[in-house]
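Secondary and tertiary structure notes
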Amino acid sequence: MKTEASPYQFLGQAGDFSRGTVTLDVTNALRQAIVTLALPPGTMLDKSAICSQLGVSRFPVSEALARLAEEGLVDIAPQRGSTVSLVRIADVREYMLIRKGLESEALRVLIGKHDTEVIAALHANMAAQRDAASRDDAETFHQIDVDFHDIIFRSMRLTKVKSIIDKARANLDRARRLIITPRRLNHTIAEHQAIFDGILAADAPQAIAAIRAHIDAVMIELFAFAQEQPALFADGAEFTTEDNDFPFG
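Residues numbered from 1 in each chain as written. Predicted model: local features only at pLDDT ≥ 70, side-chain atom pairs only at ≥ 80, totals over all residues. Heavy atoms only, no water.

Some details on the overall build of the protein chain
When you go through the protein chain residue by residue, the secondary structure sums to nine helices and three strands. Going residue by residue from the N terminus, the α and β elements of the protein chain occur as α-β-α-α-β-β-α-α-α-α-α-α. The buried share among the 249 residues of the protein chain stands at 47%. By sequence separation, contacts in the protein chain at least 24 residues apart represent 74% of the contacts at least 6 residues apart. Taken as a whole, the protein chain presents about 12700 Å² of accessible surface, with 53% of it coming from carbon and sulfur. (Helix = DSSP H or I, 4+ residues; strand = E, 2+ residues; numbered from the N terminus. Buried < 20%, exposed > 50% of the residue type's maximum accessible area, 1.4 Å probe, protein only. Contact = heavy atoms within 4.5 Å. Areas by Shrake-Rupley, 256 points an atom, 1.4 Å probe, with all protein chains shown as cover.)

Here you go:
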């Protein structure tokens, strides 16, 4: 008799998790699945099936879902169960505004330091971006994209700032994955190169203008995508690229 495959195979296998860190491991596995869209927005979560797939009791799964609810990745409705939360454009817009301000300041710090090690890391990162895009490897490209911005933040050496960005990253990452296309990859490379050109020229206004334009471009594409795929968003119909309250210019 053929056994039906589990719909949660991408979470891992029973016995993969270490004793003493089961709740953390389950949380990380579910978060990764949500952020990478293996569990798309709006997906109903079958707690029993997750427990069976991972070989764990209900407690660590329940605790993991509660933690992810605090992060805005899961909605828990009493008597109705849990679902992967829809993406909220309003939240993403606020996170991107935070990034715009922080990354602008990080560029001022970086350019003021003339840090050759950081410059070398950005050179290598740009090459890696082009390589991933040439192979149409969207997932690898996404990680390299994240690293590009992390290299810039690294110059500030401010752990509290980094923690703010990391806290917002999960919701940002899944929103950005929704619009990854070969065209977007090429645009991102060009936008990153413009930022890097400003850094290499030691021209803070040029670099800052480029990073603001990059963030704006991503948000405009996300707004357009939300209009096309409203079922994935909690508030997609509320925003358009012509919205007078669009605070990015």
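Some thoughts on the sheet that holds strand 1 (residues 44-45)
Spatially, the three strands line up as an open sheet ordered 1-3-2, and their pairing is antiparallel. Among the strands making up the open sheet, the edge pair consists of strand 1 and strand 2 (74-77). Across the face of the sheet, helix 3 (residues 58-70) comes into contact with strand 1, strand 2 and strand 3 (81-84) while running at roughly 115° to strand 2. (Pairing = 2+ DSSP bridges. Axes fitted to C-alpha atoms, helices over the stretch in contact; angles between N-to-C directions.)

Here's the deal with the pairing of strand 3
Remark: a regular strand shows side chains that alternate across the two faces of the sheet. Here strand 1 pairs with strand 3 via two bridges, running antiparallel. Bridge pairing in strand 3 places leucine 45 opposite serine 82. In this sheet, strand 3 lies alongside strand 2 in antiparallel orientation, the contact comprising four bridges. Bridged to isoleucine 76 within strand 3 is serine 82. Hairpin connection of strand 2 to strand 3: three residues between the antiparallel strands, including glutamine 79 at a positive phi of 70°.

Concerning the side chain of lysine 100
Mapped onto the secondary structure, lysine 100 falls in helix 4 (residues 89-113). The exposure class of lysine 100 is buried, given its relative accessible area of 2%. A distance of 2.7 Å separates the side chain of lysine 100 from the side chain of aspartate 216, its partner in a polar contact. (Polar contact = N/O pair within 3.5 Å; in protein donor to acceptor, adjacent residues only side chain to side chain.)

What to know about unusual backbone geometry
You will see that leucine 37, though not glycine, has its phi angle at about 70°, which is positive. Note that leucine 37 resides in the loop between helix 1 (22-35) and strand 1. Of note in this structure, alanine 202 is not a glycine but carries a positive phi near 55°. Of note, alanine 202 is situated in the loop between helix 8 (182-200) and helix 9 (204-228). Relative accessible area serves as the criterion here: at 41%, alanine 202 is assigned to the partly exposed category.

So, helix 4
The end-to-end C-alpha distance of helix 4, which contains 25 residues, comes to 36 Å, matching closely the 36 Å that a straight helix rising 1.5 Å per residue would cover. Downstream of helix 4 by one or two residues, histidine 114 has phi in the positive range, about 50°. (Expected span 1.5 Å × (residues − 1).)

Side note on the environment of aspartate 173
Among the structural elements, aspartate 173 can be located in helix 7 (residues 159-178). Take aspartate 173: its relative accessible area is 9%, and that puts it in the buried class. Setting aside anything within four residues of it in sequence, one finds aspartate 173 in contact with Val35, His142 and Val146.

Topic: the environment of asparagine 28
Looking at the element boundaries, asparagine 28 is found in helix 1. Relative accessible area serves as the criterion here: at 34%, asparagine 28 is assigned to the partly exposed category. C-alpha separation for the pair asparagine 28 and alanine 64, spaced 36 residues apart in sequence, amounts to 8.3 Å.

Points about the pattern of salt bridges
Enumeration over the complete set of coordinates arrives at 13 salt bridges. With a closest N to O distance of 2.7 Å, aspartate 216 and lysine 100 form a salt bridge. Of this pair, aspartate 216 sits in helix 9 while lysine 100 is found in helix 4, placing the two residues 116 residues apart along the sequence. Using a relative accessible area of 12% as the deciding quantity, one classes aspartate 216 as buried. A salt bridge links arginine 184 to glutamate 191, with the nearest nitrogen and oxygen atoms 2.4 Å apart. Assigned by exposure class, arginine 184 and glutamate 191 land together as buried. (Salt bridge = Lys/Arg side-chain N within 4 Å of Asp/Glu carboxyl O.)

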